[in-house]
Every structure is written in C-alpha cells, then in structure tokens.
Amino acid sequence: MTAEESCTLAEKVPLFSELSKSDLTAICRVMFLREFEAGQTIVHEEDAQGQSFFVIVSGKVHVAATTAEGKQIILATLKKGDFFGEMTILDGEPRSASVAAAEHCSLFMLYRKSFLEILKRYPKIAIHILTEMSRRLRNANRQINTLSLMSVYGRIADLLLRLGRDHGKRVADLIIIPERPTHQQIAEMTGTTRETVTRVLSQLQKKRFISIDRRKIIILDEKKLYD
Ligand code: CMP
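Numbers given for residues are sequential positions, taken from 1 along each chain in its written order. Given that the model is predicted, a residue must reach a pLDDT of at least 70 before its local features are reported, and side-chain atom pairs must reach 80 or more before they are shown or counted; all residues, however, enter totals for whole chains, interfaces and linings. Derived side-chain values reflect all non-hydrogen atoms in the structure, with water molecules and hydrogen atoms excluded from consideration.

Here the term cavity refers to a set of points on a 1 Å grid, laid over the protein atoms alone, in which a 1.4 Å probe fits but cannot get out; the term pocket refers to an open set having protein on both sides within 12 Å along at least five of seven lines, with lining residues being those that place an atom within 4 Å of a point. Grid points are joined across faces, edges and corners, and a volume is the space filled by probe spheres set on the points. Of the volumes computed, that of the largest pocket is approximately 830 Å³. Taken together, 32 residues form the lining of the largest pocket, with Val63, Leu75, Ala76, Leu78 and Arg136 sitting closest to its centre. At the level of secondary structure, the elements contributing two or more residues to the lining of the largest pocket comprise strand 5 (72–78), helix 3 (86–91), helix 5 (123–149) and helix 6 (152–167). Put simply, DSSP H or I for four residues or longer makes a helix, DSSP E for two residues or longer makes a strand, and each gets a number counted from the N terminus. Broken down by element, the residue count for the lining of the largest pocket peaks at eight residues, all from helix 5. Gly is put with the polar residues, along with every residue not named as nonpolar or charged; the nonpolar set is Ala, Val, Leu, Ile, Met, Phe, Trp, Tyr, Cys and Pro, and the charged set is Asp, Glu, Lys and Arg. Along the lines of polarity and charge, the residues of the lining of the largest pocket split into 16 nonpolar, seven polar and nine charged. Considered as a void within the structure, the second largest pocket measures approximately 370 Å³ in volume. Taken together, 17 residues make up the lining of the second largest pocket; nearest its centre are Lys60, Glu179, Arg180, Pro181 and Gln185. If you list the elements that add at least two residues to the lining of the second largest pocket, you get helix 6 and helix 7 (183–190). Residue classes in the lining of the second largest pocket are distributed as six nonpolar, five polar and six charged.

As structure tokens, this is what we get:
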C-alpha cells in the first residue's frame, strides 16, 4: 500500500481526524497496515516484549484476560476507529490482556518509538487517548461493581444495555444489537456459564424485554431491562 492510500484510510480514523494533511502524511510514513483473520491472536497476555500500538481500520477485536482458575473473560470488544496496545508501551509492564480478531481485521500498527514521538508531538492525539483510557477505566469500575454486587440476571441485563449503548442502533423505542455475541461469549463477559446465560436469556425473552434471532438481539423494553 502506498503512503497516499494509507492516508486515505487514516483520515477516516477519529484519532487522527484533527491533524493537518501534512501531519497526517508524516504519521502515515511510520504506520503499517496489517491484516488478521477471525480468531487470530494479535497481542498475547503477559507478553513482555510487546512493542506495538494498533488502530482498528476495519473489523472487531475481543480484549480478553485469563482468571486465576484459567477461565477466559472478555473485557471489551473494540471496533473500527478504536485502538489498543498503548498500556505496555506507556508503563513498560507485560501486555495486560490478549487481543484477538473477532472477524477479519485491518489494523494500523505503530512501533513503540513512533507512538511515543506522536504523543509528544501531537497533544490532541494524546488527549484523545487519555479520554478513551478514562472511559475504559470507568467501564472497568462499573464491571467490578456489577460482578461483585449484582446477581447473574442483573449482570446479563447490564451487559445487554452496555452492548446496546456501545454497538447498537436505536430504531424508535427499540435498540438493535447487530452481530450478537454467542452464549459462550456472553458467559465470558459476565463471569458465568453458558447454561446460565441460555436460561437467563430465555427468561428475558419470555418477559418480552428482549428478542433474539440468529444474528441480532433486540432490546424491546430498555426501561424494564434496566430495572
Ligand atoms: P496492552 O496491555 O499493551 O495490551 C493489551 C491491550 O488491551 C491493552 O494494552 C489495552 O489497549 C487493551 N485493554 C486492556 N484492558 C482493557 C479494557 N478493560 N478495556 C478495553 N481495552 C483494554
């Protein structure tokens, strides 16, 4: 890919949206486009050698961590425009989580040195990254609360509302969550088993709070799900 083609993709990424054409061109010279197939691991948890930062150009990734009992939990799903890999570069610790492609992905990759130079040179990019890191910390605080205080039923309802807010489309009073996660993935996001997820989702459907088909989940009654 030429630097010009890279720039055409990069100008659509919110992280770079406030840069001038010449600044964007300079950044494109040090970014590489990488493709990953569904299921491929991009970043390995505990990898102490992690030296790269990634921005999602297309596709989705799952950020996952392993519990002390060896269970996988999905911490977040990141989509087009989101970034990852900044933590290891900033604090020098091993990777905090694994990141795997949930579907075919194209990513911009930056090496540590270029990433740090960009942060120093473009305060708007640094502020964008800090703002997103604050949002992730708030989400993490919320997850700690829901895991420790809420019943499984509440945790699953809370996750559906979160997916609706972050990935859903509002159509009149409905919220449509496209490309729904599997029951196993919902279990990994809420710290429970696949069987429990199946039971809770069928209760929520019977109450007409949600409806589910092969590809999507529709929140029919946001207020009742929230309560
Ligand atoms: P790093 O630790 O370098 O590698 C794994 C990346 O996953 C991490 O940087 C963050 O970019 C991302 N990550 C870790 N925890 C979360 C989280 N709770 N929510 C969203 N992204 C995360």
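Moving on from the model shown.
On to the sheet that holds strand 1 (residues 31–36), then. With antiparallel pairing, the four strands of this open sheet are ordered in space as 1-8-3-6. At either end of the open sheet lies a strand with only one pairing partner, and these are strand 1 and strand 6 (83–84). When DSSP locates at least two bridges between a pair of strands, those strands are taken to pair. As paired strands, strand 3 (residues 52–58) and strand 8 (residues 105–111) are joined by six bridges and run antiparallel to one another. The residue of strand 8 that forms the bridge with isoleucine 56 is leucine 107. What makes two residues a contact is simply this: any of their non-hydrogen atoms within 4.5 Å. Axes here refer to lines fitted to C-alpha atoms; in helices the fit is confined to the stretch in contact. Angles between the N-to-C directions go from 0 to 180 degrees. Helix 1 (residues 3–10) rests against strand 1, strand 3 and strand 8 of the sheet, and its axis sits at about 110° to strand 8.

Attention now goes to the site of the ligand. Taken together, 14 residues are adjacent to the ligand, and Gly85, Glu86, Thr88, Arg95 and Ser96 come closest. For the purposes of these results, a polar contact is taken to be a pair of N or O atoms within 3.5 Å, where, inside protein, one atom must be able to donate a hydrogen and its partner to accept one; residues adjacent in sequence count only when each atom of the pair is a side-chain atom. Glycine 85 is positioned such that a nitrogen or oxygen atom in its backbone is 2.9 Å from an oxygen atom of the ligand. Here an oxygen atom of the ligand and a side-chain polar atom of arginine 95 are 2.7 Å apart. Here the ligand is seated within the largest pocket. Listing elements by their share of the shell around the ligand, those giving two or more residues are strand 5 and helix 3. Top element by residues in the shell around the ligand is helix 3. It accounts for three residues. Along the lines of polarity and charge, the residues of the shell around the ligand split into eight nonpolar, three polar and three charged. Being near a molecule or strand, for a residue, comes down to having at least one heavy atom within 4 Å of it. Just a note on the criterion: a molecule sits in a pocket or cavity if more than half of its atoms are within 2 Å of the grid points.

Once that is clear, we can look at the nonpolar core. Only buried residues count toward a nonpolar core. Its members are Ala, Val, Leu, Ile, Met, Phe, Trp, Tyr and Cys residues joined through side-chain atoms within 4.5 Å. For the exposure calls, accessible area comes from a 1.4 Å probe over protein chains only, and a residue counts as buried if that area is under 20% of its type's maximum, exposed if over 50%, partly exposed in between. If you look at the biggest cluster of nonpolar residues, it comprises 24 residues, and the most contacted ones within it are Phe16, Phe53 and Ile125. Not counting chain neighbours up to four residues away, the residues in contact with isoleucine 125 comprise Leu15, Phe16, Leu19, Ile27, Ile118 and Leu119. Ile156, Ala157, Leu159 and Leu225 belong to the second largest nonpolar core, which has 21 residues in total.

A few words now on helix 4 (residues 112–121). Residues Ser114, Phe115, Ile118 and Leu119 constitute the buried set of helix 4. End-on, the buried residues of helix 4 take up no more than an arc of 135°, which puts them together on one face. Facing away from the buried surface of helix 4 by more than 90 degrees, the exposed residues are Lys113, Lys120 and Arg121. Elements in contact with the buried residues of helix 4: helix 2 (21–28), strand 3, helix 3, strand 8 and helix 5. Here the arc refers to the set of directions running from the helix axis out to each C-beta atom.

What follows concerns the confidence of the model for the chain. Averaged over every residue, the pLDDT of the chain is 91; the share at 70 or more is 100%. The predictor rates its confidence in each residue with pLDDT, a number between 0 and 100. Here helix 1 stands out as the element of the chain with the lowest mean pLDDT, 82, in contrast to strand 6, whose mean of 98 is the highest.

This part is about the pairing of strand 5. As judged from the six bridges shared by strand 4 (residues 61–66) and strand 5, these two strands associate in the antiparallel manner. Note that in strand 5 the partner of valine 63 across the bridge is alanine 76. If you look at the hairpin formed by strand 4 and strand 5, you'll find five residues sitting between the two strands, and glycine 70 has a positive phi there, around 85°.

Here the phi dihedral of glutamate 46 falls at roughly 75°; this positive angle occurs in a residue that is not glycine. Note on placement: glutamate 46 falls in the loop between strand 2 (41–43) and strand 3. A positive phi angle, close to 50°, is found at alanine 172, a residue other than glycine. Locating alanine 172 in the fold gives a position in the loop between strand 9 (169–171) and strand 10 (174–177). Looking at alanine 172, the relative accessible area reads 69%, which means it is exposed.

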